[in-house]
Amino acid sequence: MSGTIDYGRLMHRAMRGLIQQVLSDVARDGLPGNHHFFITFDTTHPDAQLADWLKDRYPIEMTVVMQHWFDALEVGDDGFAVTLNFGDAPERMFIPYDSIQTFVDPSVEFGLRFETQETEEDEDEEDDDIAPSADPLPLRDQDKDSLRRDETKKKEQRDAEVVQLDTFRK
């Protein structure tokens, strides 16, 4: 056992468990009310599975929207598989929980952001070849407004990231 408790890693595991539970409920019962999700994930993750043309279009990261049309949502311990519609072309993809960078449900102003934790090995390596992120998929105007509000809130909260757990207490 190491000399410290890795609270960051434990919190990330708990938040990914929350995403798994939410998606399991949606797979079983469908999306309730106005709920919908914006999920941004790392397309370079070794376990991420998506069509070659999507990897070409989004070589670093991709934001998918689960709202009006999605099919065959299957939730597992390591990630989830879903079929989404891209311009009337249904595509199956697998998104590992470890690849998720943000999970947002704008209908209730809920969002999670996963910050990359640098290990001692990572600190020794230099990352000079980081490419800019890809643009998210086209969004409706109300979704764009919601994301703008989320980004404004994030900018205002950059000094301290606090996760309130009161919502999850029984």
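Heads up: the structure comes first, above all this text.
Residues numbered from 1 in each chain as written. Predicted model: local features only at pLDDT ≥ 70, side-chain atom pairs only at ≥ 80, totals over all residues. Heavy atoms only, no water.

Observations regarding the overall build of the protein
If you tally the helices and strands in the protein, you get four helices and seven strands. Across the 170 residues in the protein, those meeting the buried criterion constitute 32%. Here the analysis covers contacts within the protein between residues at least 6 apart in sequence; of these, 57% occur between residues at least 24 apart. Put simply, the protein shows about 11800 Å² of open surface, and 46% of that area lies on carbon and sulfur atoms. (Helix = DSSP H or I, 4+ residues; strand = E, 2+ residues; numbered from the N terminus. Buried < 20%, exposed > 50% of the residue type's maximum accessible area, 1.4 Å probe, protein only. Contact = heavy atoms within 4.5 Å. Areas by Shrake-Rupley, 256 points an atom, 1.4 Å probe, with all protein chains shown as cover.)

With respect to the sheet that holds strand 3 (residues 70–75)
The strands that make up a sheet are held in pairs by hydrogen bonds between backbone atoms, and each pair lies either parallel or antiparallel. Taken in spatial order, the three strands line up as 3-4-5 in an open sheet, and their pairing is antiparallel. The open sheet has two edge strands with one neighbour each: strand 3 and strand 5 (90–96). Neighbouring strand axes in the sheet, compared pairwise and without regard to direction, differ in orientation by 15° on average. In terms of strand pairing, strand 4 (residues 79–85) meets strand 5 through seven bridges, oriented antiparallel. Among the inter-strand pairings, Leu-84 is bridged to a residue of strand 5, identified as Glu-91. Sitting on the sheet, helix 1 (residues 7–29) touches strand 3 and strand 4, and the angle it makes with strand 3 is about 130°. (Pairing = 2+ DSSP bridges. Axes fitted to C-alpha atoms, helices over the stretch in contact; angles between N-to-C directions.)

A word on the sheet that holds strand 7 (residues 110–113)
Ordered by their spatial adjacency, four strands build an open sheet running 2-1-6-7, and the pairing between neighbours is antiparallel. Every interior strand has two partners, whereas the edge strands, strand 2 (61–66) and strand 7, have only one. When strand polarity is set aside, the average angle formed by the axes of neighbouring strands in this sheet is 10°. The sheet contacts of helix 1 involve strand 1 (37–42), strand 2, strand 6 (100–105) and strand 7, and relative to strand 7 the element is tilted by about 135°.

Things to note about the side chain of Ser-99
Considering the arrangement of structural elements, one finds Ser-99 in the loop between strand 5 and strand 6. Ser-99 sits in the buried class, given a relative accessible area of 2%. Within the structure, Ser-99 has its side chain in polar contact with the backbone oxygen of Pro-96 (distance 2.7 Å). When sequence neighbours within four positions are dropped, the list of residues in contact with Ser-99 reads Thr-40, Phe-41, Asp-42 and His-45. (Polar contact = N/O pair within 3.5 Å; in protein donor to acceptor, adjacent residues only side chain to side chain.)

Some words on the environment of Tyr-97
Inspection of the secondary structure assignment puts Tyr-97 in the loop between strand 5 and strand 6. Separated by 84 residues in the primary sequence, Tyr-97 and Arg-13 place their C-alpha atoms 9.3 Å from one another. Non-local contacts of Tyr-97, meaning those with residues more than four positions away in its chain, are made with Arg-16, Ile-19, Gln-20, Val-75, Gly-76, Asp-77, Asp-78, Gly-79 and Phe-80. In terms of polar contacts, Tyr-97 uses its side chain to reach the backbone carbonyl oxygen of Gly-79, at 3.5 Å.

Thoughts on unusual backbone geometry
Despite not being glycine, Ala-72 has its phi angle at roughly 55°, a positive value. With respect to the helices and strands, Ala-72 occurs in strand 3. Of note, Asp-88 is a non-glycine position whose phi angle comes to about 65°, a positive value. Topologically, Asp-88 is positioned in the loop between strand 4 and strand 5. The class of Asp-88 is exposed, set by a relative accessible area of 70%.

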